[in-house]
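Architecture and fold: a report
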Amino acid sequence: VSEATREATLPALNPQLQIALQIYQALATTGIQYQEDPSSPFTRVQGKVEAVDSISLARTTLRQRYGDCDDLTVLFASLLETRSVRTGFITTPGHIYAAFDTGVAAENYQEIHPDRAMTLAVDGTLWVPVEVTLLDGRSDFLAAWQRGIELWTGAAADRQLTKTAAAQALYAPVGLQEALLQPVAPAKDPVVR
């Protein structure tokens, strides 16, 4: 994705926002779909200490081309982290979705979006929530961003943003054996467009 969009980057657009947009679009063009986990849907296991929800590794979701909300969140966040974009995940009742740090100071929200309500101020910087279950090729990045804000606002009393780095302090990342992953690059034109 980085190679495909290298010449199409926009200097005036926040780099982290641009990377997230490019990755979202690349995933959408590869045909990755949302599919609820039939054995342990997040809605059934969230908050139950006796229940275990299986979460696929990003490479597994890429290979299968489908995942539920937690699988797609892990995939999106993992890809952003490879590009040095700090990520997190937001949990609300029955759902989980991704967020990323733009690196822009919270008071400069207009650098990201003219509407302050379209960003989350977290520890002094602006974060963007992204509803990754909209990865269906029909919904664009802006729709996923808008839905992320709607979910955040709608769950004001019962939501939590956990930074990926904080989670990794407790749970070490799984090592990647390159031979196990055979990525298929997305078509360049739809990503650049």
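Residues numbered from 1 in each chain as written. Predicted model: local features only at pLDDT ≥ 70, side-chain atom pairs only at ≥ 80, totals over all residues. Heavy atoms only, no water.

Looking at the packing of aromatic side chains
How two aromatic rings sit relative to each other is set out by the distance from centre to centre and by the angle between their planes. Here is the rule: Two rings from Phe, Tyr or Trp (for Trp, the six-membered ring) form a pair when their centres are within 6.5 Å of each other. A pair whose planes differ by under 30 degrees is stacked, one over 60 is edge-to-face, and the rest are tilted. Where helices and strands are cited, they refer to DSSP runs of H or I of at least four residues and of E of at least two residues respectively, numbered from the N terminus. Any residue under 20% of the maximum accessible area for its type is buried, any over 50% is exposed, and the rest in between are partly exposed; the area is computed with a 1.4 Å probe on protein chains only.
Following the criterion strictly, the structure yields three aromatic pairs and no others. A centroid spacing of 6.0 Å and a plane angle of 55° characterise the contact between phenylalanine 141 and tryptophan 145, whose relative ring orientation is tilted. Separated by four residues within a single helix, phenylalanine 141 and tryptophan 145 lie in helix H6 (residues 141–154), roughly one turn from each other. Accessibility classification places phenylalanine 141 together with tryptophan 145 in one group, the buried group. The structure contains a cluster of three or more aromatic residues connected by ring pairs, namely Tyr24, Phe76, Phe141 and Trp145.

Description of the packing of helix H2 (residues 15–29) against H6
Operational definition: In this analysis, axes come from line fits to C-alpha atoms, helices being fitted only over the stretch in contact, and the angle between any two N-to-C directions falls in the range 0 to 180 degrees. An angle below 35 degrees is read as roughly parallel, one above 145 as roughly antiparallel, one from 65 to 115 as roughly perpendicular, and any other as oblique. It only takes one pair of heavy atoms within 4.5 Å for two residues to be counted as in contact.
Where H2 contacts H6, the two axes come as close as 9 Å, and the packing angle between them is 110°. The angle between the axes of H2 and H6 places the two elements in the roughly perpendicular class. In this structure, H2 contributes Leu17, Ala20, Leu21 and Tyr24 to the contact, and H6 contributes Phe141, Ala144 and Trp145.

Observations concerning the pattern of salt bridges
This is how it is decided: The term salt bridge refers to a side-chain nitrogen of Lys or Arg lying within 4 Å of a carboxyl oxygen of Asp or Glu.
Across all of its chains, the model carries three salt bridges by this definition. Note that arginine 86 and aspartate 101 form a salt bridge whose closest N and O atoms lie 2.1 Å from each other. Of the two residues, arginine 86 sits in the loop between helix H5 (69–82) and strand S3 (87–92) while aspartate 101 sits in strand S4 (residues 95–105), which places them 15 residues apart along the sequence. Relative accessible area serves as the criterion here: at 46%, arginine 86 is assigned to the partly exposed category. Notably, a salt bridge pairs lysine 163 with aspartate 123, separated by 2.5 Å at the nearest N-O pair. Residue lysine 163 is located in strand S7 (residues 160–163), and its partner aspartate 123 is located in the loop between strand S5 (120–122) and strand S6 (125–130); the two are separated by 40 residues in the primary sequence. Residue lysine 163 is classed as partly exposed on the basis of its relative accessible area, which comes to 23%. Judged by its relative accessible area of 66%, aspartate 123 is exposed.

Some remarks on H6
Formally: To estimate how far a helix should extend, the number of its residues minus one is multiplied by 1.5 Å. The directions considered for the arc are those from the helix axis to the C-beta atoms.
With 14 residues, H6 extends 20 Å from end C-alpha to end C-alpha; this agrees with the ideal 20 Å at 1.5 Å per step. For H6, the set of buried residues is Phe141, Ala144, Trp145, Gly148, Ile149, Leu151 and Trp152. Projected down its long axis, H6 carries its buried residues within an arc of 160°, all on one side. Opposite the buried face of H6, at more than 90 degrees from it, the exposed residues are Thr153 and Gly154.

Quick notes on the nonpolar core
Where we set the bar: In this description, a nonpolar core means a group of buried Ala, Val, Leu, Ile, Met, Phe, Trp, Tyr and Cys residues linked to one another through side-chain atoms lying within 4.5 Å.
Membership of the largest hydrophobic core comes to 38 residues, with the highest contact counts inside it found for Phe76, Phe100 and Val130. Taken together, the elements giving at least two residues each to this core come down to H2, H5, S4, S5, S6 and H6. Not counting chain neighbours up to four residues away, the residues in contact with valine 130 comprise Tyr24, Phe76, Tyr97, Ala98, Phe100, Phe141 and Ala144.

With respect to the pairing of S4
The condition that has to hold: Strand pairing is assigned whenever DSSP detects at least two bridges linking the two strands.
Across the 11 residues of S4, nine count as buried, placing the element largely inside the fold. As paired elements, S3 and S4 share six bridges and run antiparallel to each other. Residue pairing in the sheet places threonine 92 in a bridge with histidine 95 of S4. Adjacent in sequence and paired antiparallel, S3 and S4 are bridged by two residues, among which glycine 94 carries a positive phi angle near 80°. Relative to S6, S4 is paired through five bridges, and the arrangement is antiparallel. Residue pairing for S6: phenylalanine 100 is matched across the bridge by valine 128.

Considerations on H2
An ideal rise of 1.5 Å per residue puts 21 Å on 15 residues; H2 measures up with 21 Å between its terminal C-alpha atoms. Taken as a whole, H2 has its buried residues at Leu17, Gln18, Ile19, Ala20, Gln22, Ile23, Tyr24, Ala26, Leu27 and Ala28.

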